[in-house]
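# Close look at the chain arrangement
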Amino acid sequence: FQSCKNDTIDTARIQLKLIDAPGDYLEVNVEIIDMLYNNSEDEEAWTSFIPLSGYPINIDLTELISGNSLLLTDQIIPSGTLKQIRLVLSDNNNLVIEGDEGEEPISVHLDTPSALQSGLKLNLNTNLEPGFSYIFILDWDVNKSIVDTGTSGKYNLKPVIRVNTEVNSGSISGTVTGEVENDDIEEAVPLANVSVSVYQDDIYVAESLTDENGVFLIQGLDAGDYLIK
């Protein structure tokens, strides 16, 4: 103790976990140069998260499927209402697409609007109870986030990110297999790279791909009944 004052600051533990819905690209590389949060009445009062690996954070979003995720930060912050978080992107983003038959894959620059470089705001409005831990799952939907501008060959990055917290959410996992004949004997084998989607009341919610063992994991789901396709 450095003094006899009995003032304490109530805190909560925050983790930000990044996952991705699958897209039709070989790679989608993005660079995060800052992550901030706002938990005060002042809308301009932003505080930087401390990243686990330091800035910038370079990510290939296509790797964050089939249960893979990237823990961006694990930090203690003051409890209370966490209003928003903000991801600040650089302009050093690109995607890799398949080339013509017999040719090498092509790397294409992703144009990032200047407004997003100043920060993509994600609304949370979550009350952080003192002493509790919260994991916020940032589900980055690649297919919806990349805009093909047409014949110019340019692509724009306009991130679409769904946010859930593991405190109030769940996961669906399973294995996809198929029947094949092997020496005239039918057996179940795992199916890799199969798209698995979940719907609620016929409304698309999220999706993922199976890994080489046919296993899929879809995270950040609210409690309820789902249809799996």
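Because the structure is a prediction, the values reported are computed rather than measured.

### A look at the sheet that holds strand 1 (residues 11-21)
Sheet architecture is open: four strands sit in the order 5-1-10-13, paired in mixed fashion. Among the strands making up the open sheet, the edge pair consists of strand 5 (70-78) and strand 13 (161-165). Across the sheet, the mean angle separating the axes of adjacent strands is 20° when strand polarity is ignored.

### What about the confidence of the model for the protein?
Looking at the protein as a whole, the pLDDT averages 87, with 93% of positions reaching at least 70. Long-range and interchain partners of residues 1-8, a stretch whose pLDDT sits below 50, account for zero contacts in this model, where long-range means more than four residues apart.

### Let's talk about the packing of aromatic side chains
Both the distance between ring centres and the angle between the ring planes are used here to describe each pair of aromatic rings. In this structure the tally under the stated criterion is two aromatic pairs. For the ring pair Y37 and F49, a centre distance of 4.8 Å and an interplane angle of 45° mean the geometry is tilted. With Y37 in strand 2 (residues 27-38) and F49 in the loop between strand 3 (47-48) and strand 4 (57-60), the pair connects residues that are twelve residues apart, well separated along the chain. Residue class for Y37 comes out buried when judged on its relative accessible area of 5%. The class for F49 is buried, based on a relative accessible area of 2%. With a centroid separation of 6.0 Å and an interplanar angle of 75°, the aromatic rings of Y199 and Y204 are classed as edge-to-face. Y204 sits in the partly exposed class, given a relative accessible area of 27%. The ring of W46 has R86 sitting right over it, with the charged end atom 4.5 Å from the ring centre. The side chain of K229 reaches across the aromatic face of Y199, ending 4.6 Å from its centre.

The rules we used
- Residues numbered from 1 in each chain as written.
- Predicted model: local features only at pLDDT ≥ 70, side-chain atom pairs only at ≥ 80, totals over all residues.
- Heavy atoms only, no water.
- Pairing = 2+ DSSP bridges.
- Helix = DSSP H or I, 4+ residues; strand = E, 2+ residues; numbered from the N terminus.
- Axes fitted to C-alpha atoms, helices over the stretch in contact; angles between N-to-C directions.
- pLDDT = per-residue confidence, 0-100.
- Contact = heavy atoms within 4.5 Å.
- Phe/Tyr/Trp six-rings, centres within 6.5 Å; stacked < 30°, edge-to-face > 60°.
- Buried < 20%, exposed > 50% of the residue type's maximum accessible area, 1.4 Å probe, protein only.
- Lys NZ or Arg CZ within 6 Å of the ring centre and 35° of its normal.

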